[in-house]
Amino acid sequence: MILYDKNILNTVQNAFRERYGEVFKLIFSPGRINLIGEHTDYNEGFVMPGAIDKGIYFAIAKNDQDVIRLHSLDLGEETDVKLNEVQPISLPWANYILGVVEELQKAQCKILGFDMVFGGDIPIGAGLSSSAALECGTGFALDHLFNLNLGKLEIIKAGQQAEHNFVGVQCGIMDQFANVMGKKAHLIQLDCRSLDYVYSPWAIEGYQILLCNSKVKHSLAESQYNQRRLECDTGVRILQKTHPEVKSLRNVSIEMLERMKVQFLEVIFQRCSYVIEENKRVLKASTALKEGQALQLGSLLYESHKGLSEKYEVSCKELDFLVDLAIAHPAVIGARMMGGGFGGCTINLVKKSEIEKVAEEFQKAYLEVYQIHLECYQIQLTNGTHIINQEV
Ligand code: GAF
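Quick notes on the rules
- Residues numbered from 1 in each chain as written.
- Predicted model: local features only at pLDDT ≥ 70, side-chain atom pairs only at ≥ 80, totals over all residues.
- UniProt positions renumbered as here; feature names shortened; annotations may be inferred.
- pLDDT = per-residue confidence, 0-100.
- Near = placed C-beta within 6 Å.
- Nonpolar A, V, L, I, M, F, W, Y, C, P; charged D, E, K, R; others polar.
- Pairing = 2+ DSSP bridges.
- Helix = DSSP H or I, 4+ residues; strand = E, 2+ residues; numbered from the N terminus.
- Contact = placed C-beta atoms within 7 Å.
- Axes fitted to C-alpha atoms, helices over the stretch in contact; angles between N-to-C directions.

- In the nomenclature of an unreviewed UniProt entry, the protein is known as Galactokinase of Flagellimonas maritima.
- If you open the UniProt record of the protein and go to Sequence similarities (unreviewed entry), you find "Belongs to the GHMP kinase family. GalK subfamily."

As structure tokens, then:
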């Protein structure tokens, strides 16, 4: 059974009752981690995410009016939008929701007026994908409320499209996929080209995942994300001149890239080289996970970070500092920045018996250098977005 946060759940329900009435559906929509495979999803590569027990709790009901009423408990903000006037507004959080409404409207889904209150415990800007949780939670909730009969993939894609069209981030599919398809105690090994996937249990005896939230989010994050996507596309176009069969970096080997090096600007070469190597690392990590090879998995995480920091240039000094702490600590066997980058969390593989101690030591060191209190989370892998049974 999922361990919901009873306080948040009660607060959401009470707030809904105060504003809109007694009858509503409750939904849990999780955040996500990604063990390895960063910035590979939009290159048709491999990723290894999982849904986590930090998430967003929604209360939602029809309102028999032609209006969408939204209330964000954590931000203390609300807005009303007419059903036939759905467009981006000045509240960033509302755009993740309205973007999904618009995608579903475009697909001819019959969405009527609804009221929604939500709150949660996914730290914002921490790279745990509160945005996909908001998008896919909305898609799932509307599907349920208006009997739209959407498949899971339609909810995933509506979330991704909302982010492209309403928010302006050209994200891949990993976050939305993990949010909807997550499975308790399992990671998802996803091929982002075919969308084939398998679930892998966490089989690393004696080690546990620890997330360290740097609590920084540098403002470059969104513009640089789109920029990286363009750089990868540029790389593909250069390769296509000699290899027209290449559709994405997924089709490219390091040898092919090396052979064409003279045609590349150094920066584009480095970006492509990172993506190709990261895909290989994910496949190796898959074997290491299956065989329980903890140290091998850990070193793949360190290599991934090095590539993200030096070749893909999406890390920052705070994240590099946290990974250096991990490298120097005997109880940690692997670490890297996680998610889009420029801040957010590192993911660490830590000896279970020493996890509290490691967290304390990292907090002390981070505070000394950056005067920021590092937040550390021991997460559980959990099921994807679902209805919360009213009796919990
Ligand atoms: C963000 C995006 F939303 C994902 O699609 C993915 O590209 C990730 O950054 C980097 O791996 O979370």
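1. Points about the confidence of the model for the protein
Okay, step 1: Model confidence for the protein is summarised by a mean pLDDT of 96, while 99% of its residues fall at 70 or above.
Okay, step 2: We note a pTM of 0.97 for the whole complex and an ipTM of 0.99 for its interfaces.

2. Observations regarding the site of the ligand
Okay, step 1: By nearness alone, every residue bordering the ligand is listed as Glu38, His39, Asp41, Tyr42, Ser129, Cys171, Gly172, Met174, Asp175, Gly339 and Gly340.
Okay, step 2: Broken down by class, the residue content of the shell around the ligand amounts to three nonpolar, five polar and three charged.

3. A word on the sheet that holds strand β6 (residues 114-120)
Okay, step 1: Taken together, the six strands give an open sheet; going across it, the order is β5-β4-β6-β3-β1-β13, and neighbouring strands pair in mixed fashion. Every other strand in the sheet has two partners, leaving β5 (77-82) and β13 (386-387) as the edge strands with one partner each.
Okay, step 2: The sheet contact formed by strand β1 (residues 25-34) and strand β3 (residues 49-62) spans nine bridges and is antiparallel. Pairing of Lys25 across the sheet is with Ile60, part of β3.
Okay, step 3: Along the sheet, helix α2 (residues 92-106) contacts β4 (67-72) and β5; its crossing angle with β4, the most-contacted strand, is approximately 145°.
Okay, step 4: Relative to the sheet, helix α3 (residues 130-145) contacts β1, β3, β6 and β13, its axis offset from that of β1 by approximately 145°.

4. A word on the sheet that holds strand β11 (residues 343-351)
Okay, step 1: Taken in spatial order, the four strands of this open sheet run β10-β11-β9-β12, and their pairing is antiparallel. Each having just a single partner strand, β10 (332-337) and β12 (375-377) make up the two edges of the open sheet. On average, each strand axis in the sheet is inclined to that of its neighbour by 20°, with strand direction left out of account.
Okay, step 2: Of the pairings in the sheet, the one linking β10 to β11 comprises five bridges and is antiparallel in character.

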